[in-house]
Amino acid sequence: GAVVSQHPSRVICKSGTSVKIECRSLDFQATTMFWYRQFPKQSLMLMATSNEGSKATYEQGVEKDKFLINHASLTLSTLTVTSAHPEDSSFYICSATTTAEGQFFGPGTRLTVL
Amino acid sequence: AQSVTQPDIHITVSEGASLELRCNYSYGATPYLFWYVQSPGQGLQLLLKYFSGDTLVQGIKGFEAEFKRSQSSFNLRKPSVHWSDAAEYFCAVGGSGGGADGLTFGKGTHLIIQP
């Protein structure tokens, strides 16, 4: 089946630093990838839609200058949390789509900002 | 705006008993509906999806779901649960892109299995 990986799985950083999270589709090409955020014991909230070779589309209320998304190839999208603060601590999950089959989700990245 | 409601935050079921998890959606057009399962510390695994056609959808691990347009529901069922089914279950709705649009998730139902 379609496999999506994320790296790192867990990251702890100091307030004010930037953190990059990678999302890769391992055995398929994904023209579209999505980034979600999940707070503890809550649902996933869509942050942005990332299309290969074009600018990401952000959901209302998501700061595009804070959450930089790059989709450089058909198998890789990155999310950079710039100048991270404790309120950015969350579980970040990416997904990739094969269009016909729907979305396949990565295992998530736990970000803790001290 | 689209939305998904999972009215049950927690459900406790005895092992071997049947299960039904409720999901109601709000969407302006024909919805694309999904059920995902998330185990602690894990990503989401797709159980089943409905795009069109037969309203009773079979998924993995013995799960099925029925799309009822008149009730705006997409309830998940399993005839006999196993201890390994204990997890968080999310219902989600997507747009008309054949699954290529961002999904709107419900808040999830936490399933507890009693021995």
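Below, the structure is looked at part by part. Since the structure is predicted, the reported quantities are computational estimates derived from the model, not experimental observations.

On the chain A side, the residues contacting the 21 residues of chain B number 19 residues. Of the roughly 1400 Å² buried between chain B and chain A, counting both surfaces, carbon and sulfur atoms make up 55%. If you look at where chain B meets chain A, you find four residue pairs in polar contact (both at pLDDT 80 or more). Where the side of chain B that touches chain A is concerned, the elements lending two or more residues are strand S5 (32-38) and strand S6 (44-50) of chain B. A class-by-class count of the residues in the side of chain B that touches chain A yields nine nonpolar, nine polar and three charged.

Below, the discussion takes up the sheet that holds strand S7 (residues 67-73) of chain A. Residues and elements named next belong to chain A. Spatial ordering of the open sheet is given by S1-S3-S8-S7, a layout of four strands whose pairing is antiparallel. Since the sheet does not close on itself, it has two edges, and those belong to strand S1 (4-7) and S7, each with one partner. The sheet shows a mean angle of 15 degrees between the axes of neighbouring strands, direction not considered. Alignment of S1 against strand S3 (residues 19-25), held across four bridges, turns out to be antiparallel. Note that in S3 the partner of Gln 6 across the bridge is Cys 23.

What follows is about the packing of aromatic side chains. For any pair of aromatic rings, geometry is given as the distance between the ring centres together with the angle between the planes. Applying the stated criterion across every chain yields a total of 15 aromatic pairs over all chains. Taking the centre distance of 5.6 Å and the plane angle of 90 degrees together, the rings of A:Tyr36 and B:Phe105 count as edge-to-face. Separated into two different chains, A:Tyr36 in strand S4 (residues 32-38) and B:Phe105 in strand S11 (residues 104-105) make up a pair that spans both. Classification of A:Tyr36 by relative accessible area gives buried; the value is 0%. According to the relative accessible area criterion, B:Phe105 is buried, its value standing at 7%. On the basis of an interplanar angle of 45 degrees and a centroid distance of 6.3 Å, the ring pair of A:Phe67 and A:Tyr92 is categorised as tilted. Placement of A:Phe67 in strand S7 and of A:Tyr92 in strand S9 (residues 90-97) is noted, with a sequence separation of 25 residues between them.

Looking now at the state of the cysteines. Structurally, a disulfide amounts to a covalent bond that connects the sulfur atoms of two cysteines. All chains considered together, the criterion is met by two disulfides over all chains. Here A:Cys23 is linked by a disulfide to A:Cys94, with a sulfur-sulfur distance of 2.0 Å. Across the disulfide from A:Cys23 to A:Cys94, rotation about the S-S bond amounts to roughly 80 degrees, and the bridge is consequently right-handed. Of this pair, A:Cys23 sits in strand S3 while A:Cys94 sits in strand S9, placing them 71 residues apart in sequence. Sulfur-sulfur distance for the disulfide between B:Cys23 and B:Cys91 comes to 2.0 Å. Residues B:Cys23 and B:Cys91 are joined through a disulfide that is left-handed, its torsion about the S-S bond being -65 degrees. Here B:Cys23, found in the loop between strand S3 (19-21) and strand S4 (24-26), pairs with B:Cys91, found in strand S10 (residues 87-94); they are 68 residues apart in sequence, far enough to count as distant. Look at B:Cys23 and you get buried, because its relative accessible area is 0%. Under the relative-accessibility criterion, B:Cys91 is labelled buried at 0%.

Formed by 26 residues in total, the largest nonpolar core has its most connected members in B:Leu19, B:Trp35, B:Leu47, B:Leu48, B:Phe74, B:Leu76 and B:Tyr89. When contributions to this core are tallied by element, the ones reaching two or more residues are strand S2 (10-14), S3, S5, S6, strand S8 (64-68), strand S9 (73-78), S10 and strand S12 (109-114) of chain B. Broken down by element, this core gets its largest block of residues, four residues, from S10(B). With near-sequence residues (within four places) excluded, B:Leu48 lies in contact with B:Leu33, B:Phe34, B:Trp35, B:Val57, B:Gln58, B:Gly59, B:Phe63, B:Glu64, B:Ala65, B:Phe74 and B:Leu76. Counting 24 residues, the second-largest nonpolar core is a separate cluster that includes A:Ala48, A:Leu79, A:Cys94 and A:Leu111.

What follows concerns the environment of B:Ser72. Residue and element names in this part refer to chain B. Tracing the chain through its elements places Ser 72 in the loop between S8 and S9. Through-space distance from the C-alpha of Ser 72 to that of Asn 24 is 5.5 Å; in sequence the pair is 48 residues apart. In this structure Ser 72 touches Cys 23, Asn 24 and Tyr 25, once residues within four positions along its chain are discounted.

Enumeration according to the criterion identifies six salt bridges over all chains in this entry. Between A:Lys66 and A:Asp88 there is a salt bridge whose closest N-O contact spans 2.9 Å. Highlighted residues: A:Lys66 in the loop between strand S6 (57-58) and S7 and A:Asp88 in the loop between strand S8 (76-81) and S9, separated in sequence by 22 residues. The residue B:Lys78 makes a salt bridge to B:Asp85 at a minimum N-O spacing of 2.8 Å.

Cut-offs used in this document
- Residues numbered from 1 in each chain as written.
- Chains lettered and ligands numbered in written order.
- Predicted model: local features only at pLDDT ≥ 70, side-chain atom pairs only at ≥ 80, totals over all residues.
- Heavy atoms only, no water.
- Contact = heavy atoms within 4.5 Å.
- Buried area = accessible area lost by both parts, 1.4 Å probe.
- Polar contact = N/O pair within 3.5 Å; in protein donor to acceptor, adjacent residues only side chain to side chain.
- Helix = DSSP H or I, 4+ residues; strand = E, 2+ residues; numbered from the N terminus.
- Nonpolar A, V, L, I, M, F, W, Y, C, P; charged D, E, K, R; others polar.
- Pairing = 2+ DSSP bridges.
- Axes fitted to C-alpha atoms, helices over the stretch in contact; angles between N-to-C directions.
- Phe/Tyr/Trp six-rings, centres within 6.5 Å; stacked < 30°, edge-to-face > 60°.
- Buried < 20%, exposed > 50% of the residue type's maximum accessible area, 1.4 Å probe, protein only.
- Disulfide = S-S within 2.5 Å.
- Core = buried A, V, L, I, M, F, W, Y, C linked by side-chain atoms within 4.5 Å.
- Salt bridge = Lys/Arg side-chain N within 4 Å of Asp/Glu carboxyl O.

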